[in-house]
Amino acid sequence: FFSLTMKHVAAYMLAVLGGNENPTKDDVKRILKAGEAEANDVQLDHIMKEFSGKSVAELIAEGSKKLVACGGGGGGGGGGGG
């Protein structure tokens, strides 16, 4: 099991949102540096390998399938009488 921090994923997605469909490791590092965050090369290498050749839509679709395992939330609170 490989533990990732969201800052690497977020920086990658920010690059895509900014118009770079295929961000490089250096692109992601620049975004992290701009936010005064340090990149972890091992984690970033893993992300770049996993994301390689996939569109953001594909990545989101894959991630959404994994979220199903988390289950839904509980029921909402009851309405107040009054």
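Residues numbered from 1 in each chain as written. Predicted model: local features only at pLDDT ≥ 70, side-chain atom pairs only at ≥ 80, totals over all residues. Heavy atoms only, no water.

Enquirer: Just to check I follow, could you spell out the environment of Arg-30 for this structure?
Expert: On the secondary structure map, Arg-30 appears in helix α2 (residues 25-34). Along the backbone, Arg-30 and Ala-15 are 15 residues apart, and their C-alpha atoms lie at a distance of 9.7 Å. (Helix = DSSP H or I, 4+ residues; strand = E, 2+ residues; numbered from the N terminus.)

Enquirer: Got a minute to help me understand the environment of Leu-32 in this structure?
Expert: With respect to the element layout, Leu-32 can be found in helix α2. A residue is classified by how much of its surface remains accessible, and Leu-32, at 5% relative accessible area, is buried. Remark: the alpha-carbon pair of Leu-32 and Ala-10, spanning 22 residues in sequence, is separated by 9.2 Å. With near-sequence residues (within four places) excluded, Leu-32 lies in contact with Lys-7, His-8, Ala-11, Ala-37 and Ala-39. (Buried < 20%, exposed > 50% of the residue type's maximum accessible area, 1.4 Å probe, protein only. Contact = heavy atoms within 4.5 Å.)

Enquirer: Help me understand the confidence of the model for the protein, please; the structure alone is not making it clear to me.
Expert: In low-pLDDT regions, the fine details of the predicted coordinates are not to be read closely. Per-residue pLDDT for the protein has a mean of 85; in total, 80% of the residues score no lower than 70. Between the elements of the protein, mean pLDDT differs from a low of 85, seen in helix α4 (residues 56-67), to a high of 97, seen in α2. (pLDDT = per-residue confidence, 0-100.)

Enquirer: It is not clear to me how α2 should be interpreted in this structure. Could you clarify?
Expert: In an α-helix there are 3.6 residues to a turn, and that puts residues three or four apart on one side. Within α2 the residues assigned to the buried category are Asp-27, Val-28 and Leu-32. Buried residues along α2 cover an arc of 135 degrees about the axis, so they all sit on one side. Along α2, exposed side chains directed more than 90 degrees from the buried face belong to Arg-30, Lys-33 and Ala-34. Buried-residue contacts for α2 involve α1 (6-17) and α3 (41-51). (Arc of directions from axis to C-beta.)

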